[in-house]
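Architecture and fold: a report
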Amino acid sequence: MTGKVITRFAPSPTGFLHIGGIRTALFSWLFARRHNGEFLLRIEDTDRERSTEAALNVILEGMEWLGLDHDRDIVYQSQRTEKYEAVIRELLERDLAYYCYCTPEELEAMRKEAMSRGEKPRYNGKYRDLGRRPAEGDTPVVRFKNPLDGDVVIDDLIQGRVVISNRELDDLIIARSDGSPTYNLTVVVDDADMGITHVVRGDDHLNNTPRQINIFNALDHDAPKYAHLPLILDPEGKKLSKRHGAASVLEYREQGYLPEALLNYLVRLGWSHGDQEIFSTGEMTELFDIARANKAAAALNPDKLTWLNQHYLRESKAERIACLLKRKLVELGVDVTGAPDLKEVAGVQKERVKTIVEMADQSRLFYEEFAEYDETAAKKHLRPVALEPLRQVRETLAGLDAWDRESIHAAIDAAAEQQAIKFGKIAQPLRVAVTGGAVSPSIDVTLELLGRDRTLSRLARALELIERRVAAQE
Ligand code: GLU
């Protein structure tokens, strides 16, 4: 690559940044980082009505969460109106643009006429060569004089060569009747001013690209190179919906995913390197090759994301996971100031759960009493046959000198032996008794984390329940 690579991500804060947007940002960021270039952020907030602070925050926070750092200051289009107006004036003065006074009715008639001829609806260039200046009270739009002949050639880094005839393109509006610039104009002005060398974006913009290239040419500026990424589809191969991927990217954080898992997942949506599945961020930046991005749309695969999240949870240090777990538990209103040490809990749970949310769900029992037993588990395991074994194990546990997993394990073993039953016949009722359900880390670890007092009082609670059951049977 000759010259410095400069890419950008240019989201509009009119909706919440979702997984498709973030994948675009990631590929653009990776391309820049891979080539030791710059990655710039531009907020396309010219639509003041539809742009919201909340959507902007999701962009900024989402990118920060994922570590997609940008270079230089953020460019806000809303602060560049004067520049756009100057370019529009320049194009008018150089006769590369003109005022158009068509009424909506005229445009509609034009549209119908073209369609009746079986052609694409397009503006017919009515005012192109009239050179009419607006009189007092006129509110014309400004149209760009698209070249009438020739082709626009896009050597897209992903899609390959795309050729569009200028005959297919009409004179697009670059300023609305209130003078405000339109998307295709602002993008070109900004990409030029920011020195963008490579535009990586969704292929929903592919049809804008020839128009933008023509505007670049009119401004005597080289157009950047383009890489149009295919769409992301839901697991059924349909357009993304709120349930699948179209929700805010921060929801993945809410749901307990780790940023590196999401990044790893996204990089594999439409790009591969052999059959490698796991990529650290460092590896991604080293190996990323945009030319190897798929041309075809990629479908979401939630199981894969979960699998990656599990992988990164296991790989993470307990300290870090403890912080995330703490935040989740506090959000759930759990008081985590008492024992056990969150780091211990996180260290155990990170080996077995899929998300931080699941971890919090399965860890609150270490900090607060559970309201009710899981019905099925209690029915199955807190039965009269478990009465004696549980009494026995409670007594043995109460008499332990040390409260650690080895001693606890030995105590359960001893109780099982005394009762002449298998370890599991005590362990499972014991688990239900102390956790309320049938799923927890191994029983000795569970009890160790729970502490002796909680273990004994919960055993007492379960014994009472079984005693009531026995009494009911008699
Ligand atoms: N603001 C546009 C969008 O959010 C992106 C424009 C571009 O990348 O050129 O779709």
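Look a little higher up for the structure.
Below is a summary of the structure that appears in this document.

Here is what the cut-offs are and how they apply
Residues numbered from 1 in each chain as written. Predicted model: local features only at pLDDT ≥ 70, side-chain atom pairs only at ≥ 80, totals over all residues. Heavy atoms only, no water. Helix = DSSP H or I, 4+ residues; strand = E, 2+ residues; numbered from the N terminus. Buried < 20%, exposed > 50% of the residue type's maximum accessible area, 1.4 Å probe, protein only. Expected span 1.5 Å × (residues − 1). Contact = heavy atoms within 4.5 Å. Disulfide = S-S within 2.5 Å. Pairing = 2+ DSSP bridges.

1. Notes on the environment of Thr-103
With respect to the helices and strands, the residue Thr-103 is situated in the loop between β4 (97–100) and α4 (104–116). Here Thr-103 falls in the partly exposed class, since its relative accessible area comes to 32%. In this structure the C-alpha to C-alpha distance between Thr-103 and Pro-340, which are 237 residues apart in sequence, comes to 73 Å.

2. Overview of helix α17 (residues 423–435)
Its 13 residues place the ends of α17 18 Å apart at the C-alpha level, agreeing with the 18 Å of an ideal helix rising 1.5 Å per residue. When you tally the buried positions in α17, you get 10 out of 13 residues, the bulk of the element. Looking at α17, one finds that the buried residues are Ile-426, Ala-427, Gln-428, Pro-429, Leu-430, Arg-431, Val-432, Ala-433, Val-434 and Thr-435. Looking at the packing, one finds that the buried side of α17 touches α14 (375–381), α15 (387–398), α16 (405–419), α18 (443–450) and α19 (452–473). A positive backbone phi angle near 90° is found at Gly-436, which sits one or two residues after α17.

3. Focus on the state of the cysteines
Going through the model one piece at a time under the given rule, you end up with zero disulfides. Its sulfur unpaired, Cys-100 is 3.9 Å from the next cysteine sulfur, which belongs to Cys-102. You can call Cys-100 buried: its relative accessible area is 4%. What makes Cys-102 buried here is its relative accessible area of 14%.

4. Things to note about the pairing of strand β5 (residues 141–144)
Burial along β5 is two-sided: the residues Val-141 and Arg-143 and Val-142 and Phe-144 are all buried. In this sheet, β5 lies alongside β4 in antiparallel orientation, the contact comprising four bridges. Paired with Tyr-99 across the bridge in β5 is Val-142. Sheet analysis places β5 next to strand β8 (residues 173–175), joined by two bridges and oriented antiparallel. Each bridged residue has a counterpart across the sheet, and for Val-142 the counterpart in β8 is Ala-175.

The values reported here are purely geometric and, on their own, carry no functional implication.
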